[in-house]
Structures are given as structure tokens and as C-alpha cells.
Amino acid sequence: MFKLIFSVSFLTLGLISMPLHFSDASGETSYTEPTIEAAVEGEKVTIDSIKEKIHPNLSTEEITDTFGDPDQRLTDSMYNLPTWRYDIKINEDYENKTGTDSVDFQALKDKELQAIIFFSFDDNENIRNISVYYLNKDGKVQEYRQFADGFEKNTVIE
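All values derive from a computational prediction rather than experimental measurement. (Residues numbered from 1 in each chain as written. Predicted model: local features only at pLDDT ≥ 70, side-chain atom pairs only at ≥ 80, totals over all residues. Heavy atoms only, no water.)

Looking now at the environment of R73. Within the fold, R73 resides in strand β6 (residues 72–75). Counting along the chain gives ten residues from R73 to T83, while the straight-line C-alpha distance between them is 6.0 Å. In this structure R73 touches T83 and W84, once residues within four positions along its chain are discounted. (Helix = DSSP H or I, 4+ residues; strand = E, 2+ residues; numbered from the N terminus. Contact = heavy atoms within 4.5 Å.)

Now for the confidence of the model for the protein chain. Model confidence for the protein chain is summarised by a mean pLDDT of 78, while 72% of its residues fall at 70 or above. For the stretch residues 1–42, pLDDT sits under 50, and the model shows 89 contacts to residues farther than four places along the chain or on other chains. (pLDDT = per-residue confidence, 0-100.)

This next bit is on the pattern of salt bridges. One pass over the structure, following the stated rule, counts four salt bridges. Across the pair R145 and E143 runs a salt bridge whose closest N-O atoms are separated by 2.6 Å. Note on E143: relative accessible area 8%, which makes it buried. (Salt bridge = Lys/Arg side-chain N within 4 Å of Asp/Glu carboxyl O. Buried < 20%, exposed > 50% of the residue type's maximum accessible area, 1.4 Å probe, protein only.)

Moving on to the packing of aromatic side chains. Applying the stated rule across the entire model yields six aromatic pairs. Between F67 and Y86, the ring centres sit 5.7 Å apart and the planes meet at 50 degrees, which makes this aromatic pair tilted. Of the two residues, F67 sits in helix α2 (residues 60–67) while Y86 sits in strand β7 (residues 82–89), which places them 19 residues apart along the sequence. Per residue, the accessibility class of F67 equals that of Y86, and both read buried. Ring centres 5.1 Å apart and planes at 65 degrees place the aromatic pair W84 and F121 in the edge-to-face group. Placement of W84 in strand β7 and of F121 in strand β8 (residues 113–121) is noted, with a sequence separation of 37 residues between them. F121 carries the same exposure label as W84, and that label is buried. Three or more aromatic residues joined by ring pairs make a cluster, and in this case those are F67, Y86 and F119. A cation over a ring is seen here: K51 above Y144, with NZ or CZ 4.6 Å from the ring centre. The ring of W84 has R73 lying over it, and the distance from NZ or CZ to the ring centre is 4.5 Å. (Phe/Tyr/Trp six-rings, centres within 6.5 Å; stacked < 30°, edge-to-face > 60°. Lys NZ or Arg CZ within 6 Å of the ring centre and 35° of its normal.)

Strand order in the open sheet made by the six strands is β6-β7-β8-β9-β10-β11, with antiparallel pairing throughout. The open sheet has two edge strands, β6 and β11 (152–156), and neither has a second partner. Strand-to-strand twist of the sheet, defined as the mean angle between neighbouring strand axes without regard to direction, takes the value 20 degrees. (Pairing = 2+ DSSP bridges. Axes fitted to C-alpha atoms, helices over the stretch in contact; angles between N-to-C directions.)

Judged by nonpolar contacts, the single largest core of 18 residues is most densely connected at I63, I117, F119 and V132. Not counting chain neighbours up to four residues away, the residues in contact with V132 comprise I50, I54, A115, I116, I117, Q142, E143 and Y144. (Core = buried A, V, L, I, M, F, W, Y, C linked by side-chain atoms within 4.5 Å.)

What follows deals with α2. Those residues of α2 that fall on the buried side of the exposure criterion are T60, I63, T64, T66 and F67. For α2, the angular spread of the buried residues around the axis is 165 degrees, confining them to a single face. Of the surrounding elements, those touching the buried residues of α2 are α1 (47–53), β7, β8 and β9 (127–135). At the C-terminal side of α2, G68 shows a positive phi close to 85 degrees. (Arc of directions from axis to C-beta.)

See below:
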């Protein structure tokens, strides 16, 4: 089974690398997505691999089995329903101190975080939606969202 490590309360399982930009002789730039190299089964964790592991039918137990305990258990500001936050850290000293379900855009842009994942639940602990925030290859904050009905949405935020 695959597990990701997101907080300083867990042991670090691998090496963290920053996004890399390469230029060839023609001046063309290529981009390598940031990764966390997990020691578990030698698997590289990318935004795509995170997207592959999330779906709206996950139970709370399956979420914690896959991602560990959340960095924060919150109440969402719009519907007053439970929300779990996971910070995929590049800077292990990063700590979100807001206690709200807000997205720390600056921490993503400053590369303190690789991604922020929110699991939002209804009163019966069923997933209402899952949001993943990360920097896209253009250096813009992007939101990937899955809804309970399976609908997916990608939005460039800033």
C-alpha cells in the first residue's frame, strides 16, 4: 500500500526536489514537475500520482490509510462542514497557522509547499469534493477539483 508523508509529525520517507527549469542551446525551456521521492516501493509522487489516488468514493479510513492523518481538521467556512487539509511540504518547517480552510497561495509560490489537498465531507462523512492546489508548469496556482458525482474541474487561480 502507498502512503504519502505530509507533516512534520511523520518521518520523512524520501528526498524532496524543487521544480527544475532547463534551457537548451536554442533558449527553449523545459519544466520538470516537483516530486517527492517516496521510499515506499521507490515510487515518485507527483501531482498526477496524487490525482490518481483520490476519488469521491474514498472513506475517511481509506484517506488516512493512503495519506496519513490530516495536517488539520477544519470546518469549512461556507457550509460549516468537516474538511481535512493535507500539506505536501517542500519546506518541512512550514506550518499553516490560520486554522481556516484558506489556501496559502504564497507558500505554494515560494515553494514551501508542493500542494495542498482538501477533503470536504458532508454530515455523514461522505466526500462532497476534493481540491488539490499546486503550481502548474507556468508557475501559476492551479486548482484541481473532484466532486461527489465524479465531475472534475481544473482552474488556474493566480
